[in-house]
Amino acid sequence: PLTPRVMMNRVWQHHFGEGFVTTPDDFGTMSEPPSHPELLDYLAARFQQDGWSLKAMHRLIMLSAVYQQTTDDNPRYAQADPNNRLLWRANIRRLEFETLRDSLLAIGGSLDGTMYGRPVDLERNPESRRRTVYGVIDRSDVLDVLVNFDFANPDMPSGKRYETSVPQQALFLMNSPVVVEQAKKLVALKEFPDAVSDEARVQFLYERIYQRPARPEEINLGL
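What counts, and where the lines are drawn
Residues numbered from 1 in each chain as written. Predicted model: local features only at pLDDT ≥ 70, side-chain atom pairs only at ≥ 80, totals over all residues. Heavy atoms only, no water. Salt bridge = Lys/Arg side-chain N within 4 Å of Asp/Glu carboxyl O. Helix = DSSP H or I, 4+ residues; strand = E, 2+ residues; numbered from the N terminus. Buried < 20%, exposed > 50% of the residue type's maximum accessible area, 1.4 Å probe, protein only. Expected span 1.5 Å × (residues − 1). Contact = heavy atoms within 4.5 Å. Axes fitted to C-alpha atoms, helices over the stretch in contact; angles between N-to-C directions. Parallel < 35°, antiparallel > 145°, perpendicular 65-115°, else oblique. Nonpolar A, V, L, I, M, F, W, Y, C, P; charged D, E, K, R; others polar. Core = buried A, V, L, I, M, F, W, Y, C linked by side-chain atoms within 4.5 Å. Phe/Tyr/Trp six-rings, centres within 6.5 Å; stacked < 30°, edge-to-face > 60°. Lys NZ or Arg CZ within 6 Å of the ring centre and 35° of its normal.

**A closer look at the pattern of salt bridges**
Line of reasoning, step 1. Summed over the entire model, instances satisfying the criterion amount to 10 salt bridges.
Line of reasoning, step 2. Its salt-bridge partner being Arg-161, residue Glu-98 comes within 2.7 Å of it at the nearest N-O pair. With Glu-98 in helix H5 (residues 97-107) and Arg-161 in the loop between helix H6 (144-148) and helix H7 (167-175), the pair connects residues that are 63 residues apart, well separated along the chain.
Line of reasoning, step 3. Assessed through its relative accessible area of 26%, Arg-161 is described here as partly exposed.
Line of reasoning, step 4. Note that Glu-181 and Arg-129 form a salt bridge whose closest N and O atoms lie 2.5 Å from each other. Of this pair, Glu-181 sits in helix H8 (residues 177-187) while Arg-129 sits in the loop between H5 and H6, and the two are 52 residues apart along the sequence.
Line of reasoning, step 5. Here the salt bridges do not stand alone but share partners, grouping Arg-129, Glu-181 and Lys-185 into one network.

Here it is, written out as structure tokens:
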């Protein structure tokens with residue numbers, strides 16, 4: 001049926017950046033065919049068998065080999081499939097603003113993980129540590145920072161956010177009080193190796209920010 005197929009296309013897009021059909025709002029005879037039609041059919045059938053459980057489907061996808069791939073390049077595969085539609089490696093993806101802000105707060109040890117509660121006006125309370133999903137959205141006056149980071153139009157359904165690169169994004173990451181404050185908190189963490197070598201400090205920062213072991217070339221680049 002169409003409903004679970006459309007749903008699985010959007011779930012796949014959430015995890016991989018692109019759905020089997022690249023136009024989630026135009027899913028039919030006029031759209032491009034899916035890149036993996038058999039897999040889309042299987043996931044749609046499995047979704048129904050599991051009682052339409054999104055949690056079960058997220059678990060299935062995230063435990064799969066394709067989701068756990070690295071981003072390492074392969075020249076032979078890149079020549080055959082330059083856009084990686086066949087998923088021979090993991091895609092390097094940009095963070096949406098909500099995830100970006102939450103990640104900055106988490107890196108600085110400030111993120112408030114409290115569930116539920118009233119929304120927060122992030123314009124009047126920029127110092128708030130609540131997750132960004134709890135931020136107030138005024139449909140008639142969307143925050144400039146959300147617009148700059150390609151927030152979806154709240155007045156209409158949007159199956160996919162489109163990405164732009166504008167100077168305001170870099171200026172936010174350079175000058176925002178939230179970013180500056182979290183950078184100060186990061187180096188003030190008790191785990192920060194203050195009295196050891198520069199290499200140890202750079203390695204700590206890389207591993208804290210990227211949540212993986214730092215490679216030697218990355219430490220040298222940081223220095």
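**Section: helix H1 (residues 2-16)**
Line of reasoning, step 1. With 15 residues, H1 should reach 21 Å at 1.5 Å per residue; the first-to-last C-alpha distance of 21 Å fits that figure.
Line of reasoning, step 2. When we look at burial in H1, the residues that qualify are Pro-4, Met-8, Asn-9, Val-11, Trp-12, Gln-13, His-15 and Phe-16.
Line of reasoning, step 3. For H1, the elements touching its buried residues are helix H2 (37-49) and helix H3 (54-62).
Line of reasoning, step 4. Downstream of H1 by one or two residues, Gly-17 has phi in the positive range, about 90 degrees.

**Focus: the packing of H7 against H8**
Line of reasoning, step 1. Between H7 and H8, the shortest axis-to-axis distance is 5 Å and the interhelical angle comes to 40 degrees. By the angle between their directions, the pair H7 and H8 is classed as oblique. Here H7 contributes Phe-172, Leu-173, Met-174 and Asn-175 to the contact with H8, which in turn contributes Pro-177, Val-179 and Val-180.
Line of reasoning, step 2. Residues that form the contact of H7 with H8 fall into these classes: 6 nonpolar, 1 polar and no charged.

**Quick word on the nonpolar core**
Line of reasoning, step 1. In this structure, Met-8, Trp-12, Leu-43, Met-57 and Ile-61 are the most contacted members of the largest nonpolar core, which totals 14 residues.
Line of reasoning, step 2. Within the residue set of this core, elements represented by two or more residues are H1, H2 and H3.
Line of reasoning, step 3. When residues no more than four places from it in sequence are discounted, the contact partners of Ile-61 are Val-11, Trp-12, His-15, Phe-16 and Tyr-67.
Line of reasoning, step 4. The next biggest cluster of nonpolar side chains, apart from the first, holds 11 residues, and it includes Phe-97, Leu-104, Leu-146 and Phe-172.

**Brief notes about the packing of aromatic side chains**
Line of reasoning, step 1. Summed over all chains, the structure comprises 9 aromatic pairs.
Line of reasoning, step 2. Considering the side-chain rings of Phe-16 and Tyr-67, the 5.9 Å spacing of their centres and the 90 degrees angle between planes classify their relative orientation as edge-to-face. Placement of Phe-16 in helix H1 and of Tyr-67 in the loop between H3 and helix H4 (75-80) is noted, with a sequence separation of 51 residues between them.
Line of reasoning, step 3. Where Tyr-77 meets Trp-88, the ring centres are 5.9 Å apart and the plane angle is 70 degrees; that geometry is what we call edge-to-face. Here Tyr-77 is found in helix H4, whereas its partner Trp-88 is found in the loop between H4 and H5, with 11 residues between them in sequence.
Line of reasoning, step 4. The class for Trp-88 is buried, based on a relative accessible area of 16%.
Line of reasoning, step 5. Chaining the aromatic ring pairs together yields one cluster made of Trp-12, Phe-16, Phe-20 and Tyr-67.
Line of reasoning, step 6. One cation-aromatic arrangement involves Arg-89 over Trp-88; the distance from NZ or CZ to the ring centre is 5.2 Å.
Line of reasoning, step 7. The ring of Tyr-210 is capped by Arg-212, whose NZ or CZ atom sits 5.4 Å from the centre of that ring.

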